[in-house]
Amino acid sequence: MASETLSETVPGIAPATPVDESPFQQQLRFFWRALRRDRSGMIGLGLFLLIVLTAIFAPQIAPHDPLEQNLRVAKTPPAWTAEGSWEYPLGTDNLGRDLFSRIVYGSRVSMLVGFFGVLIAAGIGLSVGLVSGYLGGRPDNLIMTVVNILLALPYLLFVVFIAALLGRSLLNVILIFGITDSPIFVRIARGEVLRLREAEYVQAAHSLGSRTGRILLRHILPNLIGPLITVATFEMSAMIFYEAGLGFLGLSVPPSVPSWGNMLSVGRKYLTTQPWIATFPGVAIMVTALAMNLLGDWLRDTLDPRTRKR
Amino acid sequence: MQRYIVSRIGQSILVLLGVLVLVFFMLRITGNPAALLLPKEASPEQVAAFKAKLGLDRPLPIQFLRFAQSALTGDFGNSLRYRTDALDLILERLPATVELASAALLLAILIAVPLGLVGGSNPGSLWDSVARTLGLLGQSIPNFWLALLLIILFAVKLNWLPSFGRDSWQSVVLPAVALGLAPMGQLVRLTRAAVLEIRGTDYVRTAYSKGLPTRLVYVRHILRNAAIPLISVLGIQFGYLLGGSIYIETIFSWPGIGNLVAEAVSVRDFTLVQAIAVFSSLVVILLNLLTDILYALVDPRIRYG
């Protein structure tokens, strides 16, 4: 639908879409075209896919066991320096563990926390926001008061507080971020519902006798997905940040698990003598965040019809 | 205006109550607050005495009332580690944190606002690219990693600036840059977007067409309107800076509240953590209240709305 108007109004774009395409295929075609016109979005998507693949195929990519210690080669500098060797491309840490392999495996922790954290947060946020926005009145007031209280807190401080109380485990970290991040999704979902509730097609469905549940699922939910995916991308990037930060403070996954935050926390102790130990995990975090922010910017510009012109 | 302020104050009190409930229940999600609040080597008699003293053997609502009452009078009990009053410890560290956060925010504003202004006024120009890059990097570089890089470069390799402590004015430079980058990025994005939007409005075109010099169009119309979203973000940024200071103060051994949090968490001094959580929330709530009132003063739409 949208791609048709585009090809009609913008000269130089390929002629109209074949008629036998399903709406889904048309959507995909529209996305692909928008993506090809946006170079930074393309870079973001490429980097993001690369990181996801790295996390999935970590055992095939990593040249060493990320836990394997070898004190004889401890503190080897990166390969391109005089004392380095290509056996350990990015050098080794204080226990002689291969930094490159640890970074490859570390992507798993970041991706798991980011993905499942956002999934839980969006799940809670979406259900609460849908109900709150659609019901309105007193339940809505109560829910939004709680949400506003949670959003007004110094977030990181409370995350650190809860993480310290619960102890170090991957599941705890995912749950902490999933629950503490849900108010953001509640607010987005509720705002969209309030906007859509008054839309003509929703009113029409209502007057045709559709029940509330059906209206929410069939008419409102599909229109929510756009803004939700955009926010989810930015929030996933933020969670990967925060997880690394918790790891840096020694509050995320157990110290034996290779994660970027844990690596930074080790590297910090050798900052003056072996600076590469702290440098490379940070590069990994930065590239991941960069990829997701570029992707998020592109999604926002593409999915939001108000900014689509740009 | 008065009604608006009164209702905002009411909301703030509600948020503060919410914080107290949250902190109260957080210590209880683990099931055994006495074990968290007492040193590990405490004897069963000590535990029982402690429970009786805090009223942990009483029903939950009564426990909460006692907790809220003492928290509101500033009595959080003694820190387990320092064995002195928790609030005194916080107040002692407060000036260092305020100094660092102000320096970081000032640095962010001084660089971000002019850059966003120039970038937004000339979209597609070199300065616009600089502004957009800074906006993106500010979002993507973790401040704790930036802090480590700054130390490697400016303290270890070049030996220009100190990497720890709070002894001279030079000490604040590296931590302020590390802490300030993220708010800088957000402010650049926001300023640029605001200027870009306002430049295209009817009232700016009118101002130009009635012959107002560019300088005055900027001062009277563009800057004033761009300031509105900036003010509302500044309050939020301060809350963020409090959180970010946990890393930055730890890395630079800056004797502030962030450092105190990291220390308290690592030795499981939960009386102190609890006190810091309530205190920092109060600070953030007050700052948000202040920015909202300021916001209403700047924006007549809110004042009369």
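Residues numbered from 1 in each chain as written. Chains lettered and ligands numbered in written order. Predicted model: local features only at pLDDT ≥ 70, side-chain atom pairs only at ≥ 80, totals over all residues.

### A short note on the overall build of chain A
To keep things clear, this is the line we draw: Labels follow the DSSP assignment, with helices taken as runs of H or I lasting at least four residues and strands as runs of E lasting at least two, numbered in each case from the N terminus. Counts of 20 or more other C-beta atoms within 10 Å of a residue's own C-beta define buried residues, counts of 12 or fewer define exposed ones, and intermediate counts define partly exposed ones; C-beta atoms are placed from the backbone.
Helix and strand content of chain A: 13 helices and 0 strands. Overall, chain A shows an N-to-C arrangement of helices and strands of α-α-α-α-α-α-α-α-α-α-α-α-α. Reported as C-alpha extents along the three principal axes, the dimensions of chain A are approximately 75 × 50 × 30 Å. Burial statistics for chain A: of 310 residues in total, 44% are counted as buried.

### Here's the deal with the overall build of chain B
Threshold: Contact between two residues is assigned when their C-beta atoms, built from the backbone, lie within 7 Å.
Helix and strand counts for chain B stand at 13 helices and 0 strands. Starting at the N terminus and walking to the C terminus, you meet the elements of chain B as α-α-α-α-α-α-α-α-α-α-α-α-α. In terms of its C-alpha atoms, chain B occupies a principal-axis envelope of roughly 85 × 60 × 30 Å. When the 305 residues of chain B are sorted by exposure, 37% land in the buried category. Here the contacts in chain B between residues at least 6 apart in sequence split such that 71% fall between residues at least 24 apart.

### What to know about the confidence of the model for chain B
Rules: Per-residue confidence from the predictor is reported as pLDDT, a score between 0 and 100.
The predicted model of chain B has a mean per-residue pLDDT of 83, with 95% of residues at 70 or higher. Interface predicted TM-score (ipTM) for the complex: 0.81; the corresponding pTM is 0.83.

### Here's the deal with unusual backbone geometry
Even without glycine at this site, Ser253 of chain B takes up a positive phi of about 45°. Structurally, the position occupied by Ser253 of chain B is in the loop between α10 (214-251) and α11 (257-266).

### Overview of the domain arrangement of chain B
Residue and element names in this part refer to chain B. Put simply, the test is: Those domain boundaries reflect an automatic or database domain assignment. All amino acids are sorted into three groups, where Ala, Val, Leu, Ile, Met, Phe, Trp, Tyr, Cys and Pro are nonpolar, Asp, Glu, Lys and Arg are charged, and the leftover types, Gly among them, are polar.
Domains assigned within chain B are domain 1 (2-72) and domain 2 (87-303). Using C-alpha coordinates to define each centre, domain 1 is positioned 32 Å away from domain 2. Elements that contribute at least two residues to the side of domain 1 that touches domain 2 include exactly α1 (2-29) and α2 (33-37). A per-element tally of the side of domain 1 that touches domain 2 places α1 first, with 11 residues. Class assignment for the residues of the side of domain 1 that touches domain 2 results in 12 nonpolar, 1 polar and 1 charged.

### A closer look at the interface of chain A and chain B
The partner chain B presents 36 residues to the 33 residues of chain A that form the contact. Among the secondary structure elements, those contributing two or more residues to the side of chain A that touches chain B are α6 (137-151), α7 (155-166), α11 (212-248) and α13 (276-303) of chain A. At 9 residues, the largest contribution of residues to the side of chain A that touches chain B is made by α7 of chain A. Each residue belonging to the side of chain A that touches chain B can be placed in one class, and the counts come to 26 nonpolar, 6 polar and 1 charged.

### Some points on the packing of helix α6 (residues 126-140) of chain B against helix α8 (residues 173-199) of chain B
Residue and element names in this part refer to chain B. The cut-off we apply is this: Note on geometry: axes are lines fitted to C-alpha atoms, helical ones only across the stretch in contact, with angles between N-to-C directions running from 0 to 180 degrees. Working rule for angles: under 35 degrees goes down as roughly parallel, over 145 as roughly antiparallel, 65 to 115 as roughly perpendicular, anything else as oblique. By the definition used in this description, the sense in which the near helix is turned from the far one sets the handedness, with an anticlockwise turn below a right angle giving left-handed and a clockwise turn giving right-handed.
At a minimum axis separation of 7 Å, α6 and α8 run at an interaxial angle of 140°. One element, α6, and the other, α8, form an angle in the oblique class. As α6 runs across α8, the sense of the crossing is left-handed. Residues Ala131, Leu134, Gly135, Leu137, Gly138 and Gln139 of α6 form the contact with α8, whose participating residues are Leu181, Ala182, Met184, Gly185, Gln186, Val188, Arg189 and Arg192. Within the contact of α6 with α8, the residues separate by chemical class into 7 nonpolar, 5 polar and 2 charged.

### Side note on helix α4 (residues 60-72) of chain B
We count it as follows: One less than the residue count of a helix, multiplied by 1.5 Å, gives the span that helix is expected to have.
An ideal rise of 1.5 Å per residue puts 18 Å on 13 residues; α4 of chain B measures up with 18 Å between its terminal C-alpha atoms. Backbone geometry just after α4 of chain B places Gly74 of chain B at a positive phi near 80°.

### With respect to the environment of Trp127 of chain B
Residue and element names in this part refer to chain B. You can see Trp127 is positioned in helix α6. For Trp127, a count of 17 C-beta atoms within 10 Å puts it in the partly exposed group. Linking Trp127 and Leu294, residues 167 residues apart in sequence, is a C-alpha distance of 31 Å. In this view, Trp127 contacts Leu115, Val118, Gly119 and Asn122; residues no more than four positions away in its chain are not counted.

### Comments concerning the nonpolar core
Going by this rule: Joining buried Ala, Val, Leu, Ile, Met, Phe, Trp, Tyr and Cys residues through C-beta atoms within 7 Å gives a set, and that set is a nonpolar core.
In this structure, Val160 of chain A together with Ala147, Val261, Val273 and Ile276 of chain B are the most contacted members of the largest nonpolar core, which totals 155 residues. Broken down by element, this core gets its largest block of residues, 17 residues, from α11 of chain A. If near-sequence neighbours (up to four positions away) are discounted, Val160 of chain A is found in contact with Leu249 and Leu251 of chain A together with Ile246, Val261 and Val265 of chain B.

### Re α10 of chain B
Helix length check: α10 of chain B, at 38 residues, gives a terminal C-alpha distance of 46 Å against a target of 56 Å (1.5 Å per residue), a shortfall beyond 12%. Of the residues flanking the end of α10 of chain B, it is Ser253 of chain B, one or two places downstream, whose phi is positive at about 45°.

### Describing the confidence of the model for chain A
On average, chain A scores 83 in pLDDT, and the residues at 70 or more come to 91%. In this model residues 1-9 of chain A is a low-confidence stretch, pLDDT under 50, and it forms 14 contacts with partners more than four residues away in sequence or in other chains.

### Topic: the packing of α7 of chain A against α10 of chain B
In the contact formed by α7 of chain A and α10 of chain B, the axes pass within 6 Å of each other and the chain directions differ by 50°. With respect to each other, α7 of chain A and α10 of chain B are oriented oblique. Residues Tyr155, Leu156, Leu157 and Val160 of chain A of α7 of chain A pack against Leu242, Gly243, Gly244 and Ile246 of chain B of α10 of chain B. In the contact of α7 of chain A with α10 of chain B, the residues fall into 6 nonpolar, 2 polar and no charged.

### Regarding the environment of Leu135 of chain A
Relative to the helices and strands, Leu135 of chain A resides in helix α5 (residues 99-135). Placed 59 residues apart in sequence, Leu135 of chain A and Leu194 of chain A show a C-alpha to C-alpha distance of 9.8 Å.

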